[in-house]
Amino acid sequence: MLTIPIWEKANLSLEEAAAYYGIGINKLRALTDTDRCPFVLWVGNKRLIKRKSFEKYLEGLYSV
């Protein structure tokens, strides 16, 4: 099976995003709970983090 490195994926699961960015899963859930969240992609009940959009979002923050 072919595995793609996390830094090359367009969308990350909550577990992958937590490992990649060093942010807890519960904090990621809280950030993505809003309806108008620009960096979340819902696939059924599963939420994926749009990596590039989330990185732009993080650049503008002072703290998380």
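Structure shown above.
This is a predicted model, so every value here is computed, not measured.

Peer 1: Could you clarify how one ought to interpret the overall build of the chain in this entry?
Peer 2: Scanning the chain from terminus to terminus reveals three helices and three strands. Counting helices and strands in the order they occur from the N terminus, the chain gives β-α-α-β-β-α. Over its C-alpha trace the chain gives a radius of gyration of 12 Å, about what one expects of a compact globule, namely 11 Å for 64 residues. Projected onto its principal axes, the C-alpha coordinates of the chain cover approximately 40 × 25 × 20 Å. Out of the 64 residues in the chain, the part that is buried amounts to 28%. For the chain, the proportion of contacts with a sequence separation of at least 24, taken over those separated by at least 6, is 45%. Only carbon and sulfur atoms are counted for the fraction: they give 52% of the accessible area of the chain, which is about 4,800 Å². Side chains of the chain give 10 positive and 7 negative charges; the mean places of these two sets differ by 3 Å.

Peer 1: How should the side chain of Arg 47 be read in this particular structure?
Peer 2: With respect to the element layout, Arg 47 can be found in strand S3 (residues 46-50). A distance of 3.3 Å separates a polar atom in the side chain of Arg 47 from the backbone oxygen of Arg 29. Polar contacts involving the side chain of Arg 47 include one to the side chain of Thr 32, which spans 2.8 Å. Setting aside chain neighbours within four positions, we find Arg 47 in contact with Leu 12, Ser 13, Leu 14, Arg 29, Thr 32, Asp 33, Val 40, Leu 41 and Trp 42.

Peer 1: I keep staring at a nonpolar patch on the surface and nothing clicks. Help me out?
Peer 2: A contiguous nonpolar surface patch, about 230 Å² in accessible area, is contributed by Tyr 57, Leu 61 and Val 64. Here Val 64 lies in the segment after helix H3 (51-59).

Peer 1: Is there a simple way to think about the nonpolar core in this case?
Peer 2: Nonpolar side chains tend to gather and get buried jointly when the protein is soluble and globular. By size, the foremost hydrophobic cluster in this structure holds 13 residues, and its most contacted members are Ala 17, Tyr 21, Ile 23, Leu 28, Phe 39, Ile 49 and Phe 54. Looking at this core, the elements that each hand over two or more residues are helix H1 (14-21) and helix H2 (25-31). Among the elements that line this core, the one with the most residues is H1, at four residues. With sequence-adjacent residues up to four places away left out, Phe 39 is seen in contact with Leu 31, Thr 32, Leu 48, Ile 49, Lys 50, Ser 53, Phe 54 and Tyr 57.

About the thresholds
- Residues numbered from 1 in each chain as written.
- Predicted model: local features only at pLDDT ≥ 70, side-chain atom pairs only at ≥ 80, totals over all residues.
- Heavy atoms only, no water.
- Helix = DSSP H or I, 4+ residues; strand = E, 2+ residues; numbered from the N terminus.
- Rg over C-alpha atoms; globule rule 2.2 N^0.38 Å.
- Buried < 20%, exposed > 50% of the residue type's maximum accessible area, 1.4 Å probe, protein only.
- Contact = heavy atoms within 4.5 Å.
- Areas by Shrake-Rupley, 256 points an atom, 1.4 Å probe, with all protein chains shown as cover.
- Lys, Arg positive; Asp, Glu negative; His and termini not counted.
- Charge placed at Lys NZ, Arg CZ, Asp CG, Glu CD.
- Polar contact = N/O pair within 3.5 Å; in protein donor to acceptor, adjacent residues only side chain to side chain.
- Patch = residues over 30% accessible without salt bridge, like charges linked within 9 Å, V, L, I, M, F, W, Y side chains within 5 Å.
- Salt bridge = Lys/Arg side-chain N within 4 Å of Asp/Glu carboxyl O.
- Core = buried A, V, L, I, M, F, W, Y, C linked by side-chain atoms within 4.5 Å.

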